[in-house]
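# Structure assessment
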Amino acid sequence: MNQERFMEPFSVNIDFDTGRVSAPARLITRSLSNLEGFFHDGEAYKTLLADHDPVLYQVHEIPVPNAEGHLLSCTTLIYPGKVGREYFFTKGHFHTIENRAEIYTCLRGEGYLLMATRDGESRAVHMKPGISAYIPPYWSHRTLNCGSEPFIFHGVWPADAGHDYDSIVDHGFPVRVFEENGKPVVRKEN
Ligand code: S6P
Ligand code: ZN
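Summarised in this report is the structure supplied together with it. Given the structure is predicted, the values throughout are model-derived calculations rather than measurements. (Residues numbered from 1 in each chain as written. Chains lettered and ligands numbered in written order. Predicted model: local features only at pLDDT ≥ 70, side-chain atom pairs only at ≥ 80, totals over all residues. Heavy atoms only, no water.)

### Notes on helix α1 (residues 42-51)
Note the threshold: Whether a residue is buried, partly exposed or exposed follows from its accessible area with a 1.4 Å probe, protein chains only, as a fraction of its type maximum: under 20%, in between, or over 50%, in that order. Secondary structure elements are taken from DSSP: a helix is a run of H or I of four residues or more, a strand is a run of E of two residues or more, and numbering for both begins at the N terminus. Arc definition: directions from the helix axis to the C-beta atoms. Here, two residues are considered to be in contact whenever any of their heavy atoms come within 4.5 Å of each other. Identification of polar contacts relies on pairs of N or O atoms within 3.5 Å, with a donor-acceptor requirement for protein atoms, meaning one able to donate a hydrogen and the other able to accept it, and with residues adjacent in sequence counted only if both atoms are side-chain atoms.
Of all the residues in α1, the buried ones are A44, Y45 and L48. Projection of α1 onto a plane perpendicular to its axis shows the buried side chains occupying an angular sector of 105°, all on one side. In α1, the exposed positions angled more than 90 degrees off the buried face are occupied by E43, K46, T47 and A50. Buried-residue contacts for α1 involve β4 (82-83). With a side-chain oxygen positioned 3.2 Å from the backbone nitrogen of E43, the residue opening α1 is D41.

### Here we look at the sheet that holds strand β3 (residues 71-78)
The strands making up a sheet associate through backbone hydrogen bonding, with each pair oriented either parallel or antiparallel. Condition: Here the rule is simple: two strands pair whenever DSSP picks up at least two bridges between them. What counts as an axis is a line fitted to C-alpha atoms, over the stretch in contact for a helix, and the angles between N-to-C directions run from 0 to 180 degrees.
Strand order across the open sheet formed by six strands is β1-β2-β3-β11-β6-β9, with antiparallel pairing between neighbours. Every interior strand has two partners, whereas the edge strands, β1 (26-31) and β9 (132-135), have only one. Direction aside, the axes of adjacent strands within the sheet are offset by 20° on average.

### Concerning unusual backbone geometry
Cis geometry is adopted by the peptide bond preceding P24, which originates at A23 and carries an omega value of 15°. Turning to its location among the elements, P24 is positioned in the segment before β1. Despite not being glycine, Y138 shows a phi value in the positive range, around 75°. Turning to its location among the elements, Y138 is positioned in the loop between β9 and β10 (140-145). In this structure, N181 is a non-glycine residue whose phi angle is positive, near 50°. Within the secondary structure, N181 is located in the loop between β12 (175-180) and β13 (183-188). Of the residues examined, N181 reaches a relative accessible area of 82% and is grouped as exposed.

### Section: the coordination of the zinc ion (ligand 2)
So the rule is basically this: Each metal site is built from N, O and S donor atoms within 2.8 Å (3.2 Å for Na, K and Ca), and since water is not included, such sites may look incomplete.
Around the zinc ion (ligand 2), the protein contributes the donor atoms H93 (NE2), H95 (NE2), E102 (OE) and H141 (NE2), at 2.1 to 2.2 Å from the metal centre. Of note, the zinc ion (ligand 2) draws all its donor residues from one chain, in the sequence arrangement H-x1-H-x6-E-x38-H. With a gap of 46 residues between them, H95 in the loop between β5 (86-87) and β6 (102-108) and H141 in strand β10 connect regions that are remote in the sequence. Both residues of the pair, H95 and H141, count as buried.

See below:
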């Protein structure tokens, strides 16, 4: 056996109701205070944060070597809620190696996958259980929960991809979803 390239195959158990993944998954929790500057309505953000600091989303990531050839995967659970009229969302990111693609498959709830290119293209895909969406290379991506129960999806991407959050912090995300008259409405900035 070639010890240098040997890795033991493994499996995990994913709970589709809670998004929990059995060991060896790593839990990442993002609260409102971790997303300062991300939401459209800065005043609504401050008002909500002054009251409490809710958890917006949790990621259960299944660790593998961060190396070319490997695939990372995770579940992400976004709780229902809004900042002003804008639904709770993930920070959003480009991959640091920008030509790395990703696949998201919805397990529970209802949400949107928002995507944008550096050239000003943007798209919104409505996600519900069974919908599997392809995020091509070079598209930034953010997800949000527009329903009343937890929104959970499973993601798979090349393990060497990395996360570039700074581009989102610097330029914002050019497509957003707001509640208007009780319904989610997609708003593009260009
Ligand atoms: C990683 C993949 C997801 C997100 C997760 C949280 O490439 O797209 O695991 O990391 O959904 O989103 P964010 O934007 O806070 O990393
Ligand atoms: Zn990604």
